[in-house]
Amino acid sequence: MRARLSYSAHSRWHGFVPPPSLRWDHWRITFATAMALLPVSTVYLVEAPIYHVAGLLLALAVCFAWHALFAFSRKQAMQWQWIITALTFYLLAADGLSLWQQSIALSLGVVFADLIFGGLGRTFLNPTVVALAFAIYSFPNTLTAPQGVFFALAAVAGGVLLLYCRIASWRVLTGFSAGCLLGLVAIGRTDFILVQPLGVVVFAAVFLVADPVAAASTPTGRWAYGLFVGIITALLLSAGGEKQVQAIVFATLLGSVFAPLIDQVVCRLLARRRRWRG
Amino acid sequence: MVINVRHGWNVSGPQFAAAKAATARSVRMVAVLGADYPNIRPRFQVVQGDHVRTGQILFQDRRRPAVAITSPATGVVRELSIGRRRMLDRLVIEVAEDEFVSFASEIGHDEQMLRRLLLRSGAWASFRTRPFSRIPSPDDTAAAIFVTATEPEPFQDIPQAFAETHEEQLHLGLNALMQLTEGPVFFCHNESFRPHFHKERIRACAFAGPYPAALPGTHIHHLMPVSSSRTVWHIGYQDVVAIGSLLHSGRMWPHRVIGFTDNVSGVSNAFNVRAGCSLHDLVEDQNGSGGYLASGDVVAGRKSEFLGRYHYQAFRGRLNRTDPASGILASLFNRFPAAPPGAVVPLESLDNALPADIPVIPLIRALACNDVETAEQLGCLELAEDDVALLSSICPSRADHASLLRLALEELESKRR
């Protein structure tokens, strides 16, 4: 009887037992992501001039308006994903874009990368990435990245929360870091790792690259996707110099476009292995 | 051999002390439920008001008349209701003093006689095939037979206690299983339970890990994965004892030791009851309001007032269901209303719900659009309803993946015929 009793206590710690999973739904995902964005937004707003708050309010208003319009016209429940889109876009684009430029870019991203597909979970691109790509093409040489150690640390804190919730994939983030290092080492620009202020790269990695909708959706695919985006980011960083936002936005865009293909390849390989096994 | 299962997680609930002995409960009503036999089109041998004996045939499968379902009790048939598509809904028997149908004259030594005995006594229905999770046809053969002697938490210790008290019948039953297959008989058990079998073809295999480690689908996946060309059978450990007992005494053995979790009052108990018993008889506070009765384990169980044919667990759940996970985040989320169902978001936490080489998100997508070809390539033949229950419990889409899987399996099965 002793042995049996000790088993119950023992089994809990035997081997790797992952933490229990939550019953996820769209509101909870949005809420957790917003919580993760809270520290980084606070750090940014504390350092930014006071008129920047107007930009944040405008970004929120634009995203809300489009979501409300689509929800109303489709007679669907309101989604709250627009808060995340507005915040991430604002943090990366507030410096350098005027308010009307922000509104146009954000409208395009929200409508064409999110709403016309049907919202969260039905898209394959992150709306912030599309909005930023549009802004970069239309209004060149205006985006400057937020800097600073605190910004990077706050982004890391958000990343830890998302990893704990298993919304962001540790495979994507590890693959991305490895890809970045690999790319920089391969082209002999290891000086970037120390010299460049990496706040924006960390932020974009956590909230844009590791966005579950935009990333690949198989475990192996997530590794491949992370590596791919990391390597492209490293190449574009070394080619573009100061233009960090540009580099990571285009790397993510390219990665998201290739993500379904990566998943398809992984599924084919798994199916082939299954056939061989008989 | 010990296999550590790495996917899945446990669902918290009231603890059960392993030292607790099972209390015997007499039941007034038992039922045979149509939900347990979804592919059996019944030809009834009894009508409402008939008096039946334990082991008497209640109905046969129209397509395979040799497959019979027998009565788990003696008494009067109080209710016989027909459900959709002229399938059985439920057949309720009011329990009286046991009178057994004797099968002693049919006990033989060769395989054909064994098969005939199992079919006549209704014990054949305790086997299920994988793929498809169906009762096998009378002349089917299996590449292997899996005995599931594991229970999800908190009842993980019941199989060992049960096997120790019914050792002789268990060995008789396992010997019978060896006659039914050319391949191995896997006895899948809990890690602390170290059974010894002195037969080469009976292989004991321990499974350690969270909830899915107790499911037959997990055992089969790790030991002998099935495909369109390989079929295995699985059977519960108490049904093996029932077969052993049948061979020993020539009578049907209608008992069950079940774990019952009462989530309303927060206690877990083991009961010694009759197969198919009414779950109302197990609830302590009859007048306690709130909650529903369900048969099966806490994750994969279905709402039912009676114990299912294949279930060794039952529970009473709370109506206002909150997050089963514990922790700061879960308690925070439980304060807010839940969102309406939405599209699947490919979160990494979903990956963990199925074995590693079955990609979850592509499988969900294939099942959702009934792309059976892709689903088969991704490995849906290895799965049954209880394997995807864990996935349904956390998926943002709130889709019933078990039903979608069953649709795909039905289509694959019909193509195969």
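Small disclaimer: the values here were computed from a predicted structure and weren't measured.

(A) Quick peek at the overall build of chain B. A count of helices and strands for chain B gives eleven helices and 19 strands. Computed over the C-alpha atoms, the radius of gyration of chain B is 21 Å, within 12% of the 22 Å expected from 2.2 N^0.38 for a compact globule of 417 residues. Counting only C-alpha atoms and orienting by the principal axes, one finds that chain B spans roughly 60 × 50 × 45 Å. Of all 417 residues assigned to chain B, the portion counted as buried reaches 53%. At a minimum sequence separation of 6, the contacts of chain B that also span at least 24 residues come to 66%.

(B) Seen up close, helix H5 (residues 237-249) of chain B. Residues and elements named next belong to chain B. Here H5 contains 13 residues, and its C-alpha end-to-end distance of 18 Å stays within 8% of the 18 Å for a straight helix at 1.5 Å per residue. Burial runs high along H5: eleven of the 13 residues are buried. Every buried residue of H5 is listed here: Tyr237, Gln238, Asp239, Val240, Val241, Ala242, Ile243, Gly244, Ser245, Leu246 and Leu247. Next to the buried residues of H5 lie helix H1 (111-121), strand S11 (145-149), helix H2 (158-165), helix H3 (167-180), strand S14 (232-236) and strand S15 (255-262). At the C-terminal side of H5, Gly250 shows a positive phi close to 75°.

(C) Here's a closer look at the environment of B:Tyr237. Residue and element names in this part refer to chain B. Along the chain, Tyr237 turns up in helix H5. On the basis of neighbour counts, which here come to 26 C-beta atoms within 10 Å, the residue Tyr237 falls in the buried class. When the C-alpha atoms of Tyr237 and Thr181 are compared, they prove to be 17 Å apart, with 56 residues separating the residues in sequence. Apart from residues no more than four positions distant in its own chain, Tyr237 is found in contact with Val147, Thr148, Ala149, Pro159, Phe162 and Ala163.

(D) The sheet that holds strand S17 (residues 292-295) of chain B, seen in detail. Residue and element names in this part refer to chain B. Spatially, S2-S16-S15-S19-S17-S18 is the arrangement adopted by the six strands of the open sheet, whose pairing is mixed. Each end of this open sheet is capped by a strand with a single partner; those strands are strand S2 (23-24) and strand S18 (302-303). Bridge count for S17 against strand S19 (residues 313-317) is four bridges, and the pairing is antiparallel. Pairing of Leu293 across the sheet is with Arg316, part of S19.

(E) Looking closely at the sheet that holds strand S3 (residues 29-33) of chain B. Residue and element names in this part refer to chain B. In space, the four strands of this open sheet follow the order S3-S9-S8-S5, with antiparallel pairing throughout. Each end of this open sheet is capped by a strand with a single partner; those strands are S3 and strand S5 (51-52). With seven bridges connecting them, strand S8 (residues 75-82) and strand S9 (residues 88-95) associate as antiparallel partners. Across the sheet, Ser81 pairs through a bridge with Arg90, a residue of S9.

(F) Fine view of the domain arrangement of chain B. All names here are of chain B. Under the domain assignment, chain B is made up of domain 1 (2-249), domain 2 (255-317) and domain 3 (353-416). Taken over C-alpha atoms, the centre of domain 1 sits 18 Å from the centre of domain 2. At the interface, 31 residues of domain 1 touch 31 residues of domain 2. Of all elements in the fold, only S2, S3 and H2 reach the threshold of two or more residues within the side of domain 1 that touches domain 2. Counting residues per element, the side of domain 1 that touches domain 2 draws most heavily on S3, which supplies five residues. Looking at the side of domain 1 that touches domain 2 residue by residue, the classes come out as 21 nonpolar, five polar and five charged.

(G) Layout of the packing of helix H8 (residues 170-186) of chain A against helix H11 (residues 219-240) of chain A. Residue and element names in this part refer to chain A. Across the interface, H8 lies against H11 with an axial gap of 6 Å and an inter-helix angle of 35°. Of the two possible hands of crossing, H8 and H11 adopt the one that is right-handed. Residue classes in the contact of H8 with H11 are distributed as 16 nonpolar, nine polar and two charged.

(H) Up close: the nonpolar core. Within the largest apolar cluster, 216 residues are counted, with the highest numbers of intra-cluster contacts made by A:Leu132, B:Ile145 and B:Val147. Leaving out residues up to four positions away in the same chain, B:Ile145 has contacts with B:Leu177, B:Leu180, B:Thr181, B:Val185, B:Val232, B:Trp233 and B:Ile235.

(I) Region of interest: the pairing of S15(B). All names here are of chain B. In terms of burial, S15 is largely enclosed, as seven of its eight residues are buried. Between the end of S15 and the start of strand S16 (residues 267-274), which pair antiparallel, lie four residues, with Gly266 showing a positive phi angle near 75°. With four bridges connecting them, S15 and S19 associate as parallel partners. The residue bridging Gly259 from the neighbouring strand is Gln313, located in S19.

(J) Inspection of the pairing of S17(B) at higher detail. All names here are of chain B. In this sheet, S18 lies alongside S17 in antiparallel orientation, the contact comprising two bridges. Bridge assignment links Ala294 to a residue of S18, and that residue is Lys303. The hairpin turn running from S17 into S18, its antiparallel successor, is six residues long, and Gly296 in that turn takes a positive phi close to 110°.

(K) Expanded view of the domain arrangement of chain A. Residue and element names in this part refer to chain A. Domain annotation for chain A reports domain 1 (26-138) and domain 2 (164-277). Taking the mean C-alpha position of each, domain 1 and domain 2 sit 22 Å from one another. The interface is formed by 18 residues belonging to domain 1 together with 16 residues belonging to domain 2. Among the elements of the structure, helix H2 (26-47), helix H4 (81-93) and helix H6 (127-138) are those that each provide at least two residues to the side of domain 1 that touches domain 2. Ranked by residues supplied to the side of domain 1 that touches domain 2, first place goes to H6 with five residues. Classifying every residue of the side of domain 1 that touches domain 2 gives twelve nonpolar, six polar and no charged.

(L) Just the confidence of the model for chain A, in detail. In this model, chain A carries a mean pLDDT of 84, and residues with pLDDT of at least 70 account for 87%. Scored below 50 in pLDDT, residues 1-19 of chain A shows 25 contacts in the model against residues more than four places distant or in partner chains.

(M) Broad picture of the packing of helix H5 (residues 99-113) of chain A against H6(A). Residues and elements named next belong to chain A. Two numbers describe how H5 lies on H6: the axes approach to 8 Å, and their chain directions differ by 135°. By the criterion of interaxial angle, the relationship of H5 to H6 is oblique. At the point where H5 passes H6, the crossing takes the right-handed sense. Seen from H5, the contacting residues are Gln101, Ala105, Leu106, Leu108, Gly109, Val110, Phe112 and Ala113; seen from H6, they are Pro127, Thr128, Val130, Ala131, Phe134 and Ala135.

(N) Structural view of H5(A). With 15 residues, H5(A) extends 21 Å from end C-alpha to end C-alpha; this agrees with the ideal 21 Å at 1.5 Å per step. Lining the buried residues of H5(A) we find helix H3 (52-74), H4 and H6 of chain A.

(O) Summary view of unusual backbone geometry. Residue and element names in this part refer to chain B. In this structure, Pro131 follows Arg130 across a cis peptide bond, with omega equal to 5°. Tracing the sequence through the fold places Pro131 in the loop between strand S10 (128-130) and S11. Following Glu153, the chain continues to Pro154 via a peptide bond in cis, the omega torsion being 5°. Even without being glycine, Arg86 reaches a positive phi, approximately 55°. Here Arg86 is to be found in the loop between S8 and S9. By the C-beta count within 10 Å, which is 9 here, Arg86 ends up exposed. The phi torsion at Ser133 lies on the positive side, around 55°, for a residue other than glycine. Summarising the element assignment, Ser133 is placed in the loop between S10 and S11.

The rules we used
- Residues numbered from 1 in each chain as written.
- Chains lettered and ligands numbered in written order.
- Predicted model: local features only at pLDDT ≥ 70, side-chain atom pairs only at ≥ 80, totals over all residues.
- Helix = DSSP H or I, 4+ residues; strand = E, 2+ residues; numbered from the N terminus.
- Rg over C-alpha atoms; globule rule 2.2 N^0.38 Å.
- Buried ≥ 20, exposed ≤ 12 C-beta atoms within 10 Å, placed from the backbone.
- Contact = placed C-beta atoms within 7 Å.
- Expected span 1.5 Å × (residues − 1).
- Pairing = 2+ DSSP bridges.
- Domains from an automatic or database assignment.
- Nonpolar A, V, L, I, M, F, W, Y, C, P; charged D, E, K, R; others polar.
- Axes fitted to C-alpha atoms, helices over the stretch in contact; angles between N-to-C directions.
- Left-handed = near helix turned anticlockwise from the far one by under 90°.
- Core = buried A, V, L, I, M, F, W, Y, C linked by C-beta atoms within 7 Å.
- pLDDT = per-residue confidence, 0-100.
- Parallel < 35°, antiparallel > 145°, perpendicular 65-115°, else oblique.

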